[in-house]
Amino acid sequence: MTLDGAVNKTGILLALCFTGGFIGWNIPALMIPGAIIGFILAMVTIFRSPSKAGSTAPLYSLSQGIFLGGITMFFEAQFPGIAIQAIGLTFGILASLLFCYKSGLIKPTENFKLMVFSATMGIGLLYLISIMMNLFGGAGISLIHSNGLAGIGFSLFVVAIAALNLVLDFDFIEEGAEKGMPRYMEWYGAFSLMVTLIWLYMEILRLLAKLRSR
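What you see is a predicted model; the values in this text were computed from it and never measured.

**Q** Describe the pattern of salt bridges, naming the residues involved and giving the relevant values.
**A** Applying the stated criterion across every chain yields a total of seven salt bridges. Among the salt bridges present, the one from Lys 113 reaches Asp 171, with a minimum N-O distance of 3.1 Å. Of the two residues, Lys 113 is situated in helix H5 (residues 110-135) and Asp 171 in helix H7 (residues 149-179); the sequence distance between them amounts to 58 residues. What makes Lys 113 partly exposed here is its relative accessible area of 24%. We classify Asp 171 as buried; its relative accessible area is 13%. One salt bridge in this structure joins Glu 175 and Lys 179, with 2.8 Å as the shortest N-O distance. In this pair, Glu 175 and Lys 179 both sit in helix H7, four residues apart, roughly one turn of the helix. Note on Glu 175: relative accessible area 29%, which makes it partly exposed. Among the ionic contacts, a cluster of salt bridges with common partners joins Lys 9, Arg 183 and Glu 186.

**Q** Which residues make up H7, and what values do they have?
**A** In a regular helix each residue adds 1.5 Å, so 31 residues correspond to 45 Å; H7 covers 45 Å between its end C-alpha atoms and thus fits that length. Positioned one or two residues after H7, Gly 180 has a phi angle of 70 degrees, which is positive.

**Q** Any chance you could break down the packing of aromatic side chains for me, citing the residues and the numbers?
**A** Summed over the entire model, instances satisfying the criterion amount to six aromatic pairs. Consider the rings of Phe 18 and Phe 91, whose centres lie 6.1 Å apart with planes at 20 degrees: the pair is stacked. One end of the pair, Phe 18, is in helix H1 (residues 3-26); the other, Phe 91, is in helix H4 (residues 82-103), and 73 residues separate them in sequence. Classification of Phe 91 as partly exposed rests on a relative accessible area of 30%. In this structure an aromatic cluster arises from ring pairing among Tyr 60, Phe 172, Tyr 188 and Phe 191.

Calculation notes
- Residues numbered from 1 in each chain as written.
- Predicted model: local features only at pLDDT ≥ 70, side-chain atom pairs only at ≥ 80, totals over all residues.
- Heavy atoms only, no water.
- Salt bridge = Lys/Arg side-chain N within 4 Å of Asp/Glu carboxyl O.
- Helix = DSSP H or I, 4+ residues; strand = E, 2+ residues; numbered from the N terminus.
- Buried < 20%, exposed > 50% of the residue type's maximum accessible area, 1.4 Å probe, protein only.
- Expected span 1.5 Å × (residues − 1).
- Phe/Tyr/Trp six-rings, centres within 6.5 Å; stacked < 30°, edge-to-face > 60°.

Put into structure tokens, the structure is as follows:
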């Protein structure tokens, strides 16, 4: 595993994601299948076959790109200009945190990693509970969708945690290269970074929609 290799593979996955986004934007009916296929591929890659990331990660990026393209099209129809804002903020945050990481302004200590991991798991659990409530006829957790001050504050918190996960991805890739991990981990590191970027983009899109709807 090398740093350059992971960077190159991240570029490939980003290109595939944008390609999928173009498809999803023009054929929004593919949005749901893309989301389902992407979720399955992510679970397989994470829990079953990290060594197969070279095959699953490109398909994941393409299918999730299709999902993002479709859902972005719906947001754009309701709030014109929101797509370019979300994309710009996502890559702006990526560049800023990469600079902070490389310059040593943010150091992924063990306490930092534990804090980010715990917050991420807490957010995931909250989303899971809300989904289960919706499936059984409930209204879900209103805080997640509310455009009130509490809902906006929650979205800001989630965006911050998603952004800090990028630091963990940077550290994972750099540490893997330093330790000489197997070459397939270049794909796995790029995949991990893509998962975080897609989550961050979705949360920024949600936050901007809340702000624009007020």
